[in-house]
Amino acid sequence: QVQLVESGGGLVQPGGSLRLSCAASRIFFNTYIMGWYRQAPGKQRELVASITSGGYTNYADSVKSRFTISRDNAKNTVYLQMNSLKPEDTAVYYCNARRVAADIWGQGTQVTVSS
């Protein structure tokens, strides 16, 4: 019943850009810290970026200055703008909604950066 649905993944060349979107339904969106995680083959899932309802952001060192997380509480949507993409950014990207009593995950969207 509670859903996070990612979109915007795809295949891009190095140096290109993508914008990921995560639409949340049936949750009190503004009570959750929203985040983007990614998991590459053979690696553990890692935090890419997070944002509080008040707009405080946190980024992994590997994506700082290249990625921007944002949220629109009125639309129950969180975004990840990904610029200057590198092959090492290739992964499945997952949307996450987190609060004290809940941890909700989307199904993931594939991002592939390749020539």
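Residues numbered from 1 in each chain as written. Predicted model: local features only at pLDDT ≥ 70, side-chain atom pairs only at ≥ 80, totals over all residues. Heavy atoms only, no water.

(A) Summary view of the pattern of salt bridges. Going through the model one piece at a time under the given rule, you end up with five salt bridges. In this structure, Arg38 engages Glu46 in a salt bridge whose closest nitrogen and oxygen atoms are separated by 2.9 Å. For Glu46, a relative accessible area of 36% translates into the label partly exposed. Notably, a salt bridge pairs Asp89 with Arg38, separated by 2.9 Å at the nearest N-O pair. Of the two residues, Asp89 is situated in the loop between β8 (77-82) and β9 (91-99) and Arg38 in strand β4 (residues 33-39); the sequence distance between them amounts to 51 residues. (Salt bridge = Lys/Arg side-chain N within 4 Å of Asp/Glu carboxyl O. Buried < 20%, exposed > 50% of the residue type's maximum accessible area, 1.4 Å probe, protein only. Helix = DSSP H or I, 4+ residues; strand = E, 2+ residues; numbered from the N terminus.)

(B) Representation of the pairing of strand β3 (residues 18-25). Where strand β1 (residues 3-7) lies against β3, five bridges are found, and the strand directions are antiparallel. Within β3, the position partnered with Glu6 by the bridge is Cys22. Bridge count for β3 against β8 is six bridges, and the pairing is antiparallel. For Ala23, the partnering residue across the bridge sits in β8 and is Thr77. (Pairing = 2+ DSSP bridges.)

(C) Region of interest: unusual backbone geometry. We note that Ser65 has phi near 80°; this positive angle belongs to a residue other than glycine. Locating Ser65 in the fold gives a position in the loop between β6 (57-59) and β7 (67-72). In this structure, Ser84 is a non-glycine residue whose phi angle is positive, near 50°. Of note, Ser84 is situated in the loop between β8 and β9.

(D) Up close: the environment of Thr52. Relative to the helices and strands, Thr52 resides in the loop between β5 (46-51) and β6. Taking relative accessible area as the criterion, Thr52 reaches 23% and is therefore assigned partly exposed. Setting aside anything within four residues of it in sequence, one finds Thr52 in contact with Ile33 and Arg71. (Contact = heavy atoms within 4.5 Å.)

(E) Local environment of the nonpolar core. One finds Leu4, Met34, Trp36, Leu80 and Tyr93 to be the most contacted residues of the largest nonpolar core, which totals 32 residues. Residue contacts for Leu4: discarding those within four places in its chain leaves Cys22, Ala23, Ala24, Ile27, Met34, Cys95, Asn96, Ala97, Ile104, Trp105, Gly106 and Gln107. (Core = buried A, V, L, I, M, F, W, Y, C linked by side-chain atoms within 4.5 Å.)

(F) Expanded view of the sheet that holds β3. Read from one edge to the other, the open sheet built from four strands follows the order β1-β3-β8-β7, with strand pairing classed as antiparallel. The outermost strands of the open sheet, each flanked by one partner alone, are β1 and β7. Taken over all neighbouring pairs, the strand axes of this sheet differ in orientation by 15° on average, direction set aside. (Axes fitted to C-alpha atoms, helices over the stretch in contact; angles between N-to-C directions.)

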